[in-house]
Structure formats: structure tokens, C-alpha cells
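Residue-level structure breakdown
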Amino acid sequence: MLVNAQFKKGVLELIVLESVRKRDMYGYELVAEVSKVVDVNEGTIYPLLKRLTNEHYFETYLRESTEGPPRKYYHLTAAGVLYRDQLEKEWLQFSQQVNDFLQEHGV
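To start, this report covers the structure provided alongside it.

What counts and how
- Starting from 1, residues in each chain are numbered consecutively following that chain's sequence as written.
- Thresholds applied to this predicted model are a pLDDT of at least 70 for local features of residues and 80 or more for the giving and counting of side-chain atom pairs; totals over whole chains, interfaces and linings are not thresholded and use all residues.
- Computation of side-chain values: all heavy atoms of the structure, hydrogens and water removed.
- Each Phe, Tyr or Trp ring (for Trp, its six-membered ring) is paired with any other whose centre lies within 6.5 Å, and the angle between the two planes then decides the class: stacked below 30 degrees, edge-to-face above 60, tilted in between.
- For helices the rule is a DSSP run of H or I covering at least 4 residues; for strands it is a run of E covering at least 2, with both sets numbered from the N terminus onward.
- In this scheme, a residue with accessible area under 20% of its type's maximum is buried, one over 50% is exposed, and one in between is partly exposed, where area comes from a 1.4 Å probe on protein chains only.
- What makes two residues a contact is simply this: any of their non-hydrogen atoms within 4.5 Å.
- When a carboxyl oxygen of Asp or Glu is within 4 Å of a side-chain nitrogen of Lys or Arg, the pair counts as a salt bridge.
- The rule for pairing is simple: two strands pair if DSSP sees at least two bridges between them.
- Axis definition: a line fitted to C-alpha atoms, over the contacting stretch in the case of helices. Angles run 0 to 180 degrees between N-to-C directions.

1. Section: the packing of aromatic side chains
Summed over the entire model, instances satisfying the criterion amount to five aromatic pairs. For the ring pair tyrosine 26 and tyrosine 73, a centre distance of 5.4 Å and an interplane angle of 70° mean the geometry is edge-to-face. Linking tyrosine 26 in strand E1 (residues 25-26) with tyrosine 73 in strand E3 (residues 68-76), this pair joins segments that are 47 residues apart in sequence. Of the two residues examined, tyrosine 26 and tyrosine 73, each falls in the buried class. Measuring from ring centre to ring centre gives 5.7 Å for tyrosine 61 and tyrosine 73, while their planes differ by 15°; the resulting arrangement is stacked.

Below is the structure:
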């Protein structure tokens, strides 16, 4: 299913943060996880990861890999958890308002 690019952009941070909240992940693994919900590529995810790391929502560390060079893993910080929780609250409120509006108009 194709998703409007603006819809995807608006919810992508929440999906990324939630994915890493469950467990630490490396970039390519995160692309695969997020792609289960919305179609994304590495060119979309890596700049987002860099920004969220710069904003101290993620910490990174290297872990050896049996399949090549060490991988950079992303770990959600305490600030990241708070930010994720805030985004979820805003998303739920926003999506409920849109759903209510659509139902009121017979959609």
C-alpha cells in the first residue's frame, strides 16, 4: 500500500523510536523493521538516526559482527523514552481527532 509521503514523514520518528525501545538495533536492521510498517530506505532512516542521536535521544555503540565489520547499534536514552512517549500521545490524539472528523462526515 502506498502511503502519502507527508503522512509517512509525520509518523516515521515514532516508529523508529518505538522499534529501538523494544531492543537496540543497527541501521540496516532498523530499516527492515520500519519497512514492515511503512516503505522506507536507508537514505531516509540514516539521516533521521543521525539527527535523533545528535538530539540525545539515541546513544550508539559498536558491536562485533560475524558477517563483516562491527555494527553501530542504537540505544534509546531516557530522554528518548520521554520523547517517544510524547510523540505517541500526540499521534494518538491527532489520529483520534482525524477519525472523529471523518466519522462525523460520514466517511
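Let us keep going from here.
2. Looking at the environment of methionine 25
Checked against the element boundaries, methionine 25 lands in strand E1. The spacing of methionine 25 and leucine 52 is 27 residues in sequence and 14 Å in space, taken between C-alpha atoms. Beyond its immediate chain neighbours, meaning those up to four positions away, methionine 25 contacts Ser19, Leu30, Glu33, Lys72, Tyr73 and Tyr74.

3. What about the pattern of salt bridges?
For the structure shown, the criterion picks out nine salt bridges. Residue glutamate 18 is joined to arginine 21 by a salt bridge in which the shortest nitrogen-to-oxygen separation is 2.8 Å. One end of the pair is glutamate 18 and the other is arginine 21, both in helix H1 (residues 5-22) and three residues apart, which spans about a single turn. The exposure class of arginine 21 is partly exposed, given its relative accessible area of 44%. Residue glutamate 33 is joined to lysine 36 by a salt bridge in which the shortest nitrogen-to-oxygen separation is 3.2 Å. Given a relative accessible area of 67%, lysine 36 falls into the exposed group.

4. A closer look at the pairing of strand E2 (residues 58-65)
With seven bridges connecting them, E2 and E3 associate as antiparallel partners. Looking at the pairing, tyrosine 61 lines up with tyrosine 73 of E3. Here E2 folds back onto E3 in antiparallel fashion, the turn holding two residues.

5. What to know about the sheet that holds E2
The strand order across the open sheet built from three strands is E1-E3-E2, with neighbouring strands paired in antiparallel fashion. The open sheet terminates on both sides in strands that have one partner only, identified here as E1 and E2. Strands in contact with helix H3 (residues 42-54) are E2 and E3; relative to E2, the strand with the most contacts, it is inclined by about 125°.

6. Digging into the pairing of E3
Both faces of the sheet carry side chains from a regular strand, because those side chains alternate between them. As defined by bridge partners, E1 adjoins E3 across two bridges and the pair is classed as antiparallel. Residue pairing across strands places tyrosine 26 opposite tyrosine 73, the latter belonging to E3.

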